[in-house]
Structures are given as structure tokens and as C-alpha cells.
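Here's the letter readout for the chains.
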Amino acid sequence: MTRPFRFGLQSYAAESPADWREQAKRAEDLGFSTFSVADHVIGPGPKLAATNHPVQNVAAVPAMAVAIEATSTINVGARVFCTDYRQPVMFAKELATLDFFSEGRLEIGIGCGWLQGEYEAMGVPWDPAGIRLDRMEETLTLIRQHLGDGDVDLRGEHVDATGFTGVPKPANGMPPIMIGGGAKRVLGIAGREADIVSLNFDNSSGKIGPDGVGSSTAALTAEKIDFIRSGAARRTDDKSFDDIEIEIGAYFTVVTDQRAATLEQMAPMFQLEPEQFAEHPHALIGSVDEICAQLIERRETYGISYVTFGATAVSSVAPVVERLAGT
């Protein structure tokens with residue numbers, strides 16, 4: 001099944017309250033399907049510098065709430081919440097409240113966390129990946145119970161909540177669940193549990209760098225799709241792999257008439273050859289026509305139909321969104 005394209009816009013920062021509202025409204029006006037934040041906390045300093053991650057100057061939940069109030073039709077979400085940063089019941093309550101105020105425009109994105117320096121700066125234990133994934137799975141169960149019918153009753157190893165009904169309830173039924181990641185186990189969980197799978201780097205190193213970018217080459221992305229497919233074979237609902245929406249962040253997007261020269265310049269930054277970077281699923285380099293052709297080809301190859309751009313690229317990619325959204 002070929003899904004129609006839809007596009008997201010993700011922003012990390014706002015110059016002012018008015019700027020943040022304008023970013024959300026502009027995404028809506030330009031035909032983006034979703035306006036999203038990331039979920040990072042710490043400001044400039046040695047801990048963040050060591051991760052190579054940009055500063056996010058607004059907290060995810062209140063920033064989402066303001067974006068909801070500034071818009072009327074666009075979905076609002078996070079790519080993706082770190083489940084380790086929040087008490088699970090409070091997190092579920094916040095999500096339910098965001099859905100309430102958006103009148104059903106919430107996309108719930110979760111992951112197990114990966115930015116080691118941020119954990120250390122915040123004093124959050126940096127547990128092995130397996131433990132973080134176990135905690136994410138239990139948190140997802142809690143979210144579904146809280147937003148679903150009946151009482152919350154979960155006594156897990158990491159999440160213990162029982163004896164109450166979660167409120168408010170979703171306006172339009174359970175919001176779509178996105179699970180993001182780039183390693184085998186998390187993608188298997190996503191295939192088994194999620195409505196949307198967000199393909200990311202394998203960030204086992206705990207920071208941004210060539211290792212992560214190199215974990216998402218064309219060949220390795222094909223393996224990731226297989227991990228999702230294997231997980232989908234273990235679903236207990238009535239969905240299959242074909243019902244899962246595949247999303248990706250187009251982190252390296254340059255709209256240019258100098259495609260070859262740009263590839264030559266950028267590829268060495270990630271220890272890749274220009275030919276490798278040209279087909280890298282997180283990279284879109286070229287003219288509007290060339291980028292549209294790349295997106296169509298990657299949808300055919302990997303099933304990727306949901307593409308999220310960074311806010312700094314909004315003007316340059318607007319013609320791509322206008323041409324392909326809904327097709």
C-alpha cells in the first residue's frame with residue numbers, strides 16, 4: 001500500500017513568544033501536517049557541547065500547549081518525548097490534557113532517551129539501553145491505560161500505578177502513537193506497538209556524530225525496515241506492517257541547483273562518500289524537482305511517507321510540501 005505524503009515541521013527554539021506562535025501558524029498555513037518539538041532540556045555549557053546537540057530553549061509540554069492555542073487544524077507533537085525524564089502518571093495526564101485542549105490534534109511520540117550528557121547534567125540515571133527500553137514499554141502501557149477505558153492497573157518493574165481512572169479522555173479516541181529509534185530492539189517494539197515509526201540514527205554513542213549518521217545509510221535503513229516488519233508480525237491488535245506509517249527526519253536538507261558540489265562538500269563531514277550521502281535517507285539535497293523525485297523513490301523503496309523538516313528549512317521546502325502533500 002502506498003500512503004499519501006504528509007510533512008512535519010520540527011522546531012527547537014523560539015526567539016520570542018510571538019515567534020513561536022508564528023512558527024506554528026506558518027506550518028499550518030503552508031500545509032504541513034504536524035508541528036513538533038523535540039524533548040531536550042539543558043542549555044549551553046560543557047555537557048551539551050560534548051553531545052554536539054543544538055540548544056532547545058523551550059520545554060516541550062508548554063511549547064506544545066502554546067502551539068495548540070496558536071493553531072486550529074495542524075497536529076501537534078513531540079519527536080520524541082524521553083520517557084526517562086518524567087514521572088509516568090504525570091506524563092500521561094499531561095498528554096491527556098494536551099489532547100483535550102487540542103480537541104484531538106495530538107500525536108504522542110516517545111523514545112527511551114539517548115543523549116547521555118543531558119542525563120548526566122540533569123542527574124538522571126543513565127541506565128543500560130535495555131532497562132531504558134523496558135521503562136519505555138511500561139510507560140506506553142500506562143499511557144494507553146490512562147487514555148483508554150477502565151481503571152489504571154499497572155504494577156510493573158518500573159511503573160506502578162493503580163486504583164484510578166485517567167482523565168480527561170481523548171476527544172477522538174486514542175491519539176496516534178509514534179515510537180522513534182534506530183536500533184534493532186526499539187524498532188521491533190515500534191513495529192509491534194506503534195501507529196507511526198520514526199526512523200532515527202542508532203544513537204548508542206550517546207551523542208551526535210559520524211557514527212550515528214553512518215548507522216542510517218541506505219543499506220542500514222533497509223535493515224531497519226526489516227526490524228519494524230519483524231516487530232509488526234508480533235502485533236496483538238488487528239494491524240499489520242502495512243498499517244504502520246513510516247516517518248523520518250530530513251536532517252540534512254539543502255534546496256540547491258548545485259547538488260553535486262553540495263554533496264562533495266557535505267559528505268566528508270560525516271565520513272561518507274558523496275555517493276553514499278546522495279542516497280542517505282536523512283539527506284535531501286538538490287532542486288525542488290530533484291528532492292521530490294528522491295522522496296517518491298524512497299517511499300517506493302522503504303515505505304517512508306511522512307517526512308519531518310527542521311524549522312530553518314521551512315521556506316526552502318515549502319514548494320516540496322505544496323507539490324507532494326496528500327499525493
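Refer to the structure presented above.
Since the model is a prediction, treat every value here as computed from it, not as a measurement. (Residues numbered from 1 in each chain as written. Predicted model: local features only at pLDDT ≥ 70, side-chain atom pairs only at ≥ 80, totals over all residues. Heavy atoms only, no water.)

Okay, the overall build of the protein chain next. When its secondary structure is counted, the protein chain shows 13 helices and 13 strands. Taken over the C-alpha trace, the protein chain has a radius of gyration of 19 Å; the compact-globule value for 327 residues is 20 Å, and the two agree within 12%. In terms of overall dimensions, the protein chain has a C-alpha envelope of 60 × 45 × 40 Å along the principal axes. Relative to its 327 residues, the protein chain shows a buried fraction of 53%. Long-range pairs, those at least 24 residues apart, make up 69% of the contacts in the protein chain between residues at least 6 apart in sequence. Summed over all atoms, the accessible surface of the protein chain reaches about 14200 Å², with 52% contributed by carbon and sulfur. Once the 28 positive and 45 negative side-chain charges of the protein chain are each reduced to a mean point, those two points are 2 Å apart. (Helix = DSSP H or I, 4+ residues; strand = E, 2+ residues; numbered from the N terminus. Rg over C-alpha atoms; globule rule 2.2 N^0.38 Å. Buried < 20%, exposed > 50% of the residue type's maximum accessible area, 1.4 Å probe, protein only. Contact = heavy atoms within 4.5 Å. Areas by Shrake-Rupley, 256 points an atom, 1.4 Å probe, with all protein chains shown as cover. Lys, Arg positive; Asp, Glu negative; His and termini not counted. Charge placed at Lys NZ, Arg CZ, Asp CG, Glu CD.)

For the rest of this paragraph, the subject is the pattern of salt bridges. Enumeration over the complete set of coordinates arrives at 16 salt bridges. Across the salt bridge formed by R323 and D289, the nearest N and O atoms sit 2.6 Å from each other. Taken as a pair, R323 in helix α13 (residues 314–324) and D289 in helix α12 (residues 288–302) lie far apart in primary sequence, 34 residues in all. For R323, a relative accessible area of 42% translates into the label partly exposed. (Salt bridge = Lys/Arg side-chain N within 4 Å of Asp/Glu carboxyl O.)

Our focus in this paragraph is the packing of aromatic side chains. Per the counting criterion, the structure on display carries 13 aromatic pairs. Summarising the aromatic geometry, the rings of F252 and F270 are spaced 4.6 Å apart at their centres and angled 45° between planes, so their arrangement reads as tilted. Residue F252 is found in strand β11 (residues 252–255), and its partner F270 is found in the loop between α10 (259–266) and α11 (274–278); the two are separated by 18 residues along the sequence. Like F270, F252 is buried. Members of the aromatic cluster, joined through ring pairs, are F201, Y251, F252, F270 and F277. Its end group placed over the ring of W126, R132 keeps NZ or CZ at 4.0 Å from the ring centre. Geometry around F241 places R229 over its ring, the cationic atom sitting 4.0 Å from the centre. (Phe/Tyr/Trp six-rings, centres within 6.5 Å; stacked < 30°, edge-to-face > 60°. Lys NZ or Arg CZ within 6 Å of the ring centre and 35° of its normal.)

Before going further, it helps to examine unusual backbone geometry. Of the consecutive residues R79 and V80, the connecting peptide bond is found in the cis state with omega at -20°. With respect to the secondary-structure elements, V80 resides in the loop between β3 (75–78) and β4 (81–82). Cis rather than trans, the peptide bond between V167 and P168 has omega equal to -5°. Of note, P168 is situated in the loop between β7 (160–164) and β8 (177–181). At E103, a residue that is not glycine, the phi angle is positive and equals roughly 55°. With respect to the helices and strands, E103 occurs in the loop between α4 (88–102) and β5 (106–111). On the accessibility criterion, E103 (64% relative accessible area) is exposed. A positive phi is found at Q271, a non-glycine position, where the angle reads about 60°. Position of Q271 relative to the elements: it lies in the loop between α10 and α11.

Moving on to the packing of α4 against helix α6 (residues 129–147). Contact pair α4 / α6: the axes reach a minimum separation of 9 Å and the direction vectors enclose 50°. Taken together, the axes of α4 and α6 are oblique relative to one another. When the axes of α4 and α6 are compared, the crossing they make is right-handed. Across the interface between the two elements, P88, V89, F91, A92, K93, L95 and A96 of α4 pack against T139, L142, I143, H146 and L147 of α6. Looking at the contact of α4 with α6, its residues break down into 9 nonpolar, 2 polar and 1 charged. (Axes fitted to C-alpha atoms, helices over the stretch in contact; angles between N-to-C directions. Parallel < 35°, antiparallel > 145°, perpendicular 65-115°, else oblique. Left-handed = near helix turned anticlockwise from the far one by under 90°. Nonpolar A, V, L, I, M, F, W, Y, C, P; charged D, E, K, R; others polar.)

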